[in-house]
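These are the residues of each chain, in order.
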Amino acid sequence: MAIDTPLFTQHPRHWRTNAYAYPVISRRSRGLSLGINLNPDTACNFDCVYCSVDRTSPPAIRTVDLATLRGELDHLLRISISGELFDEPPFDATPMPLRRLNDLAFSGDGEPTTYPAFADACRLTVDLLAWHQVDPAVRIVVITNATMLHQERVQQALDILGERAEIWAKLDAGTAEHFRAIDRTEVPFQRVLDNLLHAGRRRPLVIQALFARLHDEPPTNVELAAWTVRLQELRAGGAAIARIQVYTTARATAESWVSPLTPAEIDAIAERPRACGFITEAFYGPG
Ligand code: SF4
């Protein structure tokens, strides 16, 4: 039976006085994830209707100081490995099976690969994991909207992450129309699809797909069928898809007219790629 905890819905990207690194107990990681926020200015090249980043107040920090980030991550790794982190609230409420470091995740208040020194951040993360002799099973997850994966500097940065790398790439739509409606960006849908194809030919991808009720309407059958076809096209083109995560909103959203789908609706969506042979996980909304 899946373990549940209120900590799954608490994902503040601030911890103590840290500027960039923060711990979360993550449902999708099934354990402790150390987040790395390379977008403290909250700028993003998407404007997703379901985004949970608070952009209503000006950010306290706008730039990334890599020396500070290194110090924060070093400390967090030390107290995660020693277990000291689980002595303090709210982490002292973490169920025992979830008290394990699963990953470090580039997952902040924007698109991490837009940070110009992304490669340097990758390098320092790899170096720290080596320094702390962290189990090779601990992953480095890059949570991305895939818009920058065609850039050579991004590909080189991902190569730095080596065997630990996991790319969790967003694909919320099957049509350009829905893509524009939900992700609200000037980036062409085709570029995202092309980037997923090429990135998936280099290393397996985890596809993340958020579906929600928009203005009280669930996604249409036409849209969901198109999304499933896009996944099949990626696979047929040679992209390796390790698994697909279908989920819905679990926290506050940018737009008030966005609301979570029911678990039954999420299960029905997850069944579509599953029926095509994809490993597919379903994650539900709040409680
Ligand atoms: S890509 Fe991520 S950070 Fe950017 S708007 Fe969408 S959900 Fe928010």
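A short tour of the structure in this document, coming up. (Residues numbered from 1 in each chain as written. Predicted model: local features only at pLDDT ≥ 70, side-chain atom pairs only at ≥ 80, totals over all residues. Heavy atoms only, no water.)

### Some thoughts on the overall build of the chain
Next, step 1: When helices and strands are tallied, the chain shows seven helices and ten strands.
Next, step 2: Relative to the globule expectation of 19 Å for 287 residues, the C-alpha radius of gyration of the chain, 18 Å, shows essentially globular dimensions.
Next, step 3: Across its three principal axes, the chain shows a C-alpha extent of roughly 50 × 40 × 40 Å.
Next, step 4: With an accessible surface of roughly 12,900 Å², the chain has 53% of that area assigned to carbon and sulfur atoms.
Next, step 5: In the chain, which carries 29 positive and 35 negative side-chain charges, the distance between the mean positions of the two groups comes to 3 Å. (Helix = DSSP H or I, 4+ residues; strand = E, 2+ residues; numbered from the N terminus. Rg over C-alpha atoms; globule rule 2.2 N^0.38 Å. Areas by Shrake-Rupley, 256 points an atom, 1.4 Å probe, with all protein chains shown as cover. Lys, Arg positive; Asp, Glu negative; His and termini not counted. Charge placed at Lys NZ, Arg CZ, Asp CG, Glu CD.)

### Thoughts on the sheet that holds strand β1 (residues 21-26)
Next, step 1: Taken in spatial order, the eight strands make up an open sheet running β1-β2-β3-β4-β5-β6-β8-β10, and their pairing is mixed. Edge positions in the sheet fall to β1 and β10 (280-282), since each has one partner strand and no second. When strand polarity is set aside, the average angle formed by the axes of neighbouring strands in this sheet is 25°.
Next, step 2: Direction of pairing for strand β4 (residues 139-144) relative to strand β5 (residues 165-170): parallel, over a ladder of five bridges. Note on β5: the bridge partner recorded for V141 is E166. (Pairing = 2+ DSSP bridges. Axes fitted to C-alpha atoms, helices over the stretch in contact; angles between N-to-C directions.)

### Details of helix α7 (residues 263-275)
Next, step 1: For α7, spanning 13 residues, the distance from its first C-alpha to its last is 18 Å, which sits close to the expected 18 Å at 1.5 Å a residue.
Next, step 2: Here α7 has its buried residues at I266, I269, A270 and P273. Seen along its axis, α7 keeps its buried residues to an arc of 95°; they face one direction. Of the exposed residues in α7, the ones pointing more than 90 degrees away from its buried face are A264 and A275.
Next, step 3: Those residues of α7 hidden inside the fold are in contact with α6 (221-236), β8 (241-247) and β10. (Expected span 1.5 Å × (residues − 1). Buried < 20%, exposed > 50% of the residue type's maximum accessible area, 1.4 Å probe, protein only. Arc of directions from axis to C-beta. Contact = heavy atoms within 4.5 Å.)

### Points about the packing of aromatic side chains
Next, step 1: Counted under the stated rule, the structure contains four aromatic pairs.
Next, step 2: When the ring of F46 is compared with that of F179, the centres are 5.7 Å apart and the planes differ by 75°; the resulting orientation is edge-to-face. Of this pair, F46 sits in the loop between β2 (31-36) and α1 (66-82) while F179 sits in helix α4 (residues 176-183), and the two are 133 residues apart along the sequence.
Next, step 3: Given the relative accessible area of 3%, F179 is considered buried.
Next, step 4: Each ring, one from F106 and one from F118, has its centre 5.4 Å from the other, and the planes form 75°; the classification is edge-to-face. (Phe/Tyr/Trp six-rings, centres within 6.5 Å; stacked < 30°, edge-to-face > 60°.)

### Things to note about unusual backbone geometry
Next, step 1: Cis geometry marks the peptide bond from P89 to P90; its omega dihedral reads -5°.
Next, step 2: Tracing the backbone shows P90 in the loop between α1 and β3 (101-106).
Next, step 3: One non-glycine residue, A146, lies in the positive phi region at around 75°.
Next, step 4: Structurally, the position occupied by A146 is in the loop between β4 and α3 (152-161).
Next, step 5: With a phi angle near 70°, D216 is a residue other than glycine that sits in the positive phi range.
Next, step 6: When you line up the elements, D216 lands in the loop between β7 (212-214) and α6.

### Side note on the packing of α6 against α7
Next, step 1: Where α6 meets α7, the axes come as close as 9 Å, and the angle between the chain directions of the two elements is 35°. Relative to α7, α6 is oriented so that their crossing is right-handed. When α6 is examined against α7, the residues N221, L224, A225, W227, T228 and L231 are found in contact with a partner set consisting of I269, R272 and P273.
Next, step 2: Considering only residue class, the contact of α6 with α7 consists of six nonpolar, two polar and one charged. (Left-handed = near helix turned anticlockwise from the far one by under 90°. Nonpolar A, V, L, I, M, F, W, Y, C, P; charged D, E, K, R; others polar.)

### Details of α6
Next, step 1: Look at α6: 22 Å from first C-alpha to last across 16 residues, which is about the 22 Å you get at 1.5 Å a residue.
Next, step 2: Burial in α6 covers these residues: E223, L224, A226, W227, T228, R230, L231 and L234.
Next, step 3: At the exit of α6 stands G238, carrying a positive phi of roughly 110°.

### A short note on the site of the ligand
Next, step 1: The local shell around the ligand consists of C44, F46, D47, C48, Y50, C51, R55, G110, N145 and K170.
Next, step 2: Considering only residue class, the shell around the ligand consists of five nonpolar, two polar and three charged. (Near = heavy atom within 4 Å.)

### With respect to the environment of D103
Next, step 1: With respect to the helices and strands, the residue D103 is situated in strand β3.
Next, step 2: Taking the C-alpha atoms as reference points, D103 and V126, 23 residues apart in sequence, are found 12 Å from one another.
Next, step 3: Sequence-distant contacts of D103, that is, excluding residues within four places in its chain, are made with S29, L32, S33, L34, V138, R139 and V141.
Next, step 4: Engagement of the side chain of D103 in a polar contact is seen with the side chain of S33, the distance being 2.5 Å. (Polar contact = N/O pair within 3.5 Å; in protein donor to acceptor, adjacent residues only side chain to side chain.)

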